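Listed below are the residues making up each chain.
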Amino acid sequence: MEKKNYYDWLEISKNASPEVIDKAYKALVKKYHPDLQEGENKLKAEEIIKHINEAYAILSDETKRKQYDETIKEETISREDYDRLQEELNTMKRQSATTNHQVNYQNYNVNNNANDNISNENVQSIERERQDLEYQQQLENARRKAYHDAYIQELKSRGYRIRYKKTFKDYLRIFIVIFVIIICCIIIWMIPFTREKLIEFYQSNEVIKWIVDMIINIFKSLFNIQ
């Protein structure tokens, strides 16, 4: 069986937070639970679960994790090297998108006190780190939204009126609604039957007649219509 460290067995990076470790452990246990497997896969799953439980027992304990990290310290890369490697990976992806060729990750080097070739294990570690960062960003965005919503709710409970500054999209939406209403009114007016009913309603209702006349006078004054 391929040699893996505890982080590999849990499919996480060496910088994973305790929350990420718990989430990864629960997902893998569910995925490889022997009771859900059949035949040879069941024996293989039992072996995998054994490694997963062993890895989780170490990495979920802060003291044991620190001790373990010391034993594999030589296998890790610095944050500076990680940033440089991440930038190289992004460059490779952009080049792959424009040339439609497979990029060989092992041909790119990280200058970590020596020009050693990047192994597949390091590339996979960087990819897991990127996924962890994205997950942490999603959590941060969710926390900010929850805080904002709670703050707005608190202001409303105190009697404040919340007014948001309208954006261009808001004005565009209002314009579209008004435009649609005008078009609908024109269509209704062009139908003889409805036009006769509207004229009859206008002439028989003094309040409506006063409102309509006022609106017409306002438009005449604005556009200098006699």
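Residues numbered from 1 in each chain as written. Predicted model: local features only at pLDDT ≥ 70, side-chain atom pairs only at ≥ 80, totals over all residues. Heavy atoms only, no water.

Novice: Describe the packing of helix 2 (residues 18-32) against helix 3 (residues 40-59), and please don't skip the residues or the numbers.
Specialist: The geometry of helix 2 relative to helix 3 is characterised by a closest axis approach of 10 Å and an angle of 165° between their N-to-C directions. Classified by the angle between their axes, helix 2 and helix 3 sit roughly antiparallel to one another. Classified by chirality, the crossing of helix 3 by helix 2 is left-handed. Contacts between helix 2 and helix 3 involve Ile21, Asp22, Tyr25, Leu28, Val29 and Tyr32 from the first element and Ala45, Ile48, Ile49, Ile52, Asn53, Tyr56 and Leu59 from the second. Residues of the contact of helix 2 with helix 3, tallied by class, amount to 11 nonpolar, 1 polar and 1 charged. (Axes fitted to C-alpha atoms, helices over the stretch in contact; angles between N-to-C directions. Helix = DSSP H or I, 4+ residues; strand = E, 2+ residues; numbered from the N terminus. Parallel < 35°, antiparallel > 145°, perpendicular 65-115°, else oblique. Left-handed = near helix turned anticlockwise from the far one by under 90°. Contact = heavy atoms within 4.5 Å. Nonpolar A, V, L, I, M, F, W, Y, C, P; charged D, E, K, R; others polar.)

Novice: I'd like a rundown of the confidence of the model for the protein chain, residues and numbers included.
Specialist: Do not read the fine detail of predicted coordinates wherever pLDDT is low. Within the protein chain, residue pLDDT values average 76, and 69% of them lie at 70 or more. Here strand 1 (residues 109-111) is the element of the protein chain with the lowest mean pLDDT, 42, and helix 2 is the one with the highest, 92. Across residues 100-118 the pLDDT falls below 50, and counting only partners more than four positions away or on other chains, this stretch makes 33 contacts in the model. (pLDDT = per-residue confidence, 0-100.)

Novice: A description of the packing of helix 7 (residues 168-190) against helix 8 (residues 192-204) should follow, citing residues and the corresponding values.
Specialist: For the pair helix 7 and helix 8, the least separation of the axes is 5 Å and the interaxial angle reads 95°. Judged by the inter-axis angle, helix 7 sits roughly perpendicular to helix 8. Of the residues in helix 8, those touching helix 7 at Ile188, Trp189 and Met190 are Pro192, Thr194, Arg195, Leu198 and Ile199. Residues of the contact of helix 7 with helix 8, tallied by class, amount to 6 nonpolar, 1 polar and 1 charged.

Novice: Could you give me a rundown of helix 2, with the residues and numbers involved?
Specialist: Spanning 15 residues, helix 2 covers 21 Å between terminal C-alpha atoms, matching the ideal 21 Å at 1.5 Å per step. Burial in helix 2 covers these residues: Val20, Ile21, Ala24, Tyr25, Leu28 and Tyr32. End-on, the buried residues of helix 2 take up no more than an arc of 130°, which puts them together on one face. Set apart from the buried face of helix 2 by more than 90 degrees, the exposed residues are Glu19, Lys26 and Lys30. (Expected span 1.5 Å × (residues − 1). Buried < 20%, exposed > 50% of the residue type's maximum accessible area, 1.4 Å probe, protein only. Arc of directions from axis to C-beta.)

Novice: Give me the lowdown on the pattern of salt bridges, citing residues and values where you can.
Specialist: Where charged atoms from two side chains of opposite charge approach closely, those side chains can pair. The full count for this structure, using the stated rule, is 3 salt bridges. Note that glutamate 62 and lysine 66 form a salt bridge whose closest N and O atoms lie 3.6 Å from each other. Separated by 4 residues within a single helix, glutamate 62 and lysine 66 lie in helix 4 (residues 62-71), roughly one turn from each other. (Salt bridge = Lys/Arg side-chain N within 4 Å of Asp/Glu carboxyl O.)

Novice: Could you give me a rundown of the packing of aromatic side chains, with the residues and numbers involved?
Specialist: Summed over all chains, the structure comprises 4 aromatic pairs. Taken together, a centroid distance of 6.2 Å and an interplanar angle of 35° make the contact between tyrosine 7 and tyrosine 68 tilted. Taken together, the residues tyrosine 7 in helix 1 (residues 6-9) and tyrosine 68 in helix 4 connect sequence positions 61 residues apart. Each member of the pair, tyrosine 7 as well as tyrosine 68, is classed as buried. For the pair tyrosine 25 and tyrosine 56, a centre-to-centre distance of 3.9 Å together with 10° between the ring planes defines the contact as stacked. Taken as a pair, tyrosine 25 in helix 2 and tyrosine 56 in helix 3 lie far apart in primary sequence, 31 residues in all. Three or more aromatic residues joined by ring pairs make a cluster, and in this case those are Tyr6, Tyr7 and Tyr68. (Phe/Tyr/Trp six-rings, centres within 6.5 Å; stacked < 30°, edge-to-face > 60°.)

Novice: Tell me what's going on with the nonpolar core, and back it up with residues and numbers.
Specialist: As a rule of thumb, nonpolar side chains are buried together in soluble globular proteins. One finds Leu10, Ile12, Ile52, Leu59 and Tyr68 to be the most contacted residues of the largest nonpolar core, which totals 20 residues. Where this core is concerned, the elements lending two or more residues are helix 1, helix 2 and helix 3. Beyond its immediate stretch of four places on either side in the chain, isoleucine 12 contacts Tyr7, Val20, Ile21, Ala24, Leu59 and Arg128. (Core = buried A, V, L, I, M, F, W, Y, C linked by side-chain atoms within 4.5 Å.)

Novice: Break down the environment of arginine 130 for me, citing the residues and quoting the values.
Specialist: Relative to the elements of secondary structure, arginine 130 occurs in helix 6 (residues 120-157). The exposure class assigned to arginine 130 is partly exposed, which follows from its relative accessible area of 24%. Taking the C-alpha atoms as reference, arginine 130 lies 8.9 Å from serine 13; in sequence the two are 117 residues apart. Here the side chain of arginine 130 touches glutamate 134 through a polar contact of 2.5 Å, side chain to side chain. (Polar contact = N/O pair within 3.5 Å; in protein donor to acceptor, adjacent residues only side chain to side chain.)

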